[in-house]
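Read off the chains here:
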Amino acid sequence: MQKQYSSPKCQLEPVDLNDASQFNELRDQRIICGWESDLQTLRGWQDKADLKRLFWITILDNSSHAEDKYIRAGHISLDASSSLLDESDISSGDPELSINSVFIMPYYRSLGLGKRAVRLVENMAATEPFGDPNCRFLTLTALSKRYFYDDAPEWSGLWEKIGMERPSFSVQEWYEKLGYVS
Ligand SMILES: CC(C)(COP(=O)(O)OP(=O)(O)OC[C@H]1O[C@@H](n2cnc3c(N)ncnc32)[C@H](O)[C@@H]1OP(=O)(O)O)[C@@H](O)C(=O)NCCC(=O)NCCS
């Protein structure tokens, strides 16, 4: 099978978790992702749609002759509160926004989509209605690169223990390349 897309343009479309088919499609993507896929978590996201702002990462389906046919290649969220920073790190009035749940379906990986989606969310974070013009930074959590480089059983040895495949690259480094700092 050949990849259809060399460098697809993507856009972000809000996820509507009250729509059953979107709920199920998001759940399917979360199951492939490997964490935060249980119904309780997803129902919590559904209830907190004003704080957990999820977006489909969509690309145009070049294989279809129908106009405006989009594929949901992944998802990403711009959350209203991260609770990651010490109060001393935050000036009063700083909006707390964070990037979460970044996921690209395996077939569409390594095409630059994840990077583009993060850049789109960064732009969104500085504009209303989802963001705030006063936004100066975004926070996120990512798996430590020690789970990739450190051979100790509690670090990269963990993958075998939990029965998951070891990632092929460090997500922490992936974010660092995009300019994020620990
Ligand atoms: C992390 C993830 C979102 C990246 O999305 P993606 O669309 O594949 O990433 P991009 O194509 O934008 O990657 C860009 C960079 O990452 C690197 N990269 C991407 N996939 C890689 C791979 N399999 N091996 C090595 N490097 C890789 C490339 O070097 C590329 O950098 P470059 O353009 O300077 O060469 C995707 O792999 C994913 O969904 N992973 C599972 C979920 C996850 O870990 N999410 C992060 C939660 S914290």
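Residues numbered from 1 in each chain as written. Predicted model: local features only at pLDDT ≥ 70, side-chain atom pairs only at ≥ 80, totals over all residues. Heavy atoms only, no water.

The name recorded for the protein chain in an unreviewed UniProt entry is N-acetyltransferase domain-containing protein, from Penicillium angulare.

## Overview of a nonpolar patch on the surface
A surface patch of nonpolar side chains, about 300 Å² in accessible area, is lined by Trp35, Ile162 and Met164. Within the secondary structure, Met164 sits in the loop between helix H5 (158–162) and helix H6 (171–177). (Patch = residues over 30% accessible without salt bridge, like charges linked within 9 Å, V, L, I, M, F, W, Y side chains within 5 Å. Areas by Shrake-Rupley, 256 points an atom, 1.4 Å probe, with all protein chains shown as cover. Salt bridge = Lys/Arg side-chain N within 4 Å of Asp/Glu carboxyl O. Helix = DSSP H or I, 4+ residues; strand = E, 2+ residues; numbered from the N terminus.)

## What to know about the side chain of Thr58
The topology assignment puts Thr58 in strand E2 (residues 52–60). Given the relative accessible area of 5%, Thr58 is considered buried. Here Thr58 is in contact with Lys9, Cys10, Gln11, Glu13, Tyr70, Ile71 and Arg72, once residues within four sequence places are set aside. (Buried < 20%, exposed > 50% of the residue type's maximum accessible area, 1.4 Å probe, protein only. Contact = heavy atoms within 4.5 Å.)

## A few points about the site of the ligand
Within the structure, the ligand sits among 18 residues, and Ile104, Ser110, Gly112, Gly114 and Trp174 are positioned closest to it. Residue Ile104 places a main-chain N or O atom 2.8 Å away from an oxygen atom belonging to the ligand. Take Leu111: an N or O atom from its main chain is 3.2 Å from an oxygen atom of the ligand. Alone, the ligand offers 920 Å² of accessible surface; in the complex the protein occludes 72% of this. Its atoms largely coinciding with the cavity grid, the ligand occupies the largest pocket. Of all the elements in the fold, those that place two or more residues in the shell around the ligand are strand E4 (98–104), helix H3 (113–125) and H6. For the shell around the ligand, the element with the most residues is H6, which contributes four residues. Domain assignment of the residues forming the shell around the ligand places at least three in each of domain 1 (10–140) and domain 2 (142–182). (Near = heavy atom within 4 Å. Polar contact = N/O pair within 3.5 Å; in protein donor to acceptor, adjacent residues only side chain to side chain. 1 Å grid on protein atoms, 1.4 Å probe; cavity = no way out; pocket = protein on both sides within 12 Å on 5 of 7 lines; lining within 4 Å. Sits in = over half its atoms within 2 Å of the grid points. Domains from an automatic or database assignment.)

## Focus: helix H1 (residues 20–33)
In this model H1 runs 20 Å from its N-terminal to its C-terminal C-alpha over 14 residues, within 8% of the 20 Å that 1.5 Å per residue would give. Listed in full, the buried residues belonging to H1 are Gln22, Phe23, Leu26, Gln29, Arg30 and Cys33. On an axial view of H1, the arc spanned by its buried residues comes to 130 degrees, and they lie on one face. In the core, the buried residues of H1 are packed alongside strand E1 (10–14), helix H2 (39–47), E2, strand E3 (70–79) and E4. For H1, the capping residue at the N-terminal end is Asp19, with a side-chain oxygen 2.9 Å from the backbone nitrogen of Ser21. Looking at the residues trailing H1, positive phi occurs at Gly34, about 110 degrees. (Expected span 1.5 Å × (residues − 1). Arc of directions from axis to C-beta.)

## Observations concerning the sheet that holds E4
The antiparallel open sheet is built from four strands, whose spatial order is E1-E2-E3-E4. One side of each edge strand has no neighbouring strand; the edge strands of this open sheet are E1 and E4. Here the strands of the sheet are splayed against their neighbours by 30 degrees on average, with no regard to which way each runs. Where E1 lies against E2, five bridges are found, and the strand directions are antiparallel. The residue of E2 that forms the bridge with Glu13 is Trp56. This element, H1, spans E1, E2, E3 and E4 of the sheet and lies at about 80 degrees to E3. (Pairing = 2+ DSSP bridges. Axes fitted to C-alpha atoms, helices over the stretch in contact; angles between N-to-C directions.)

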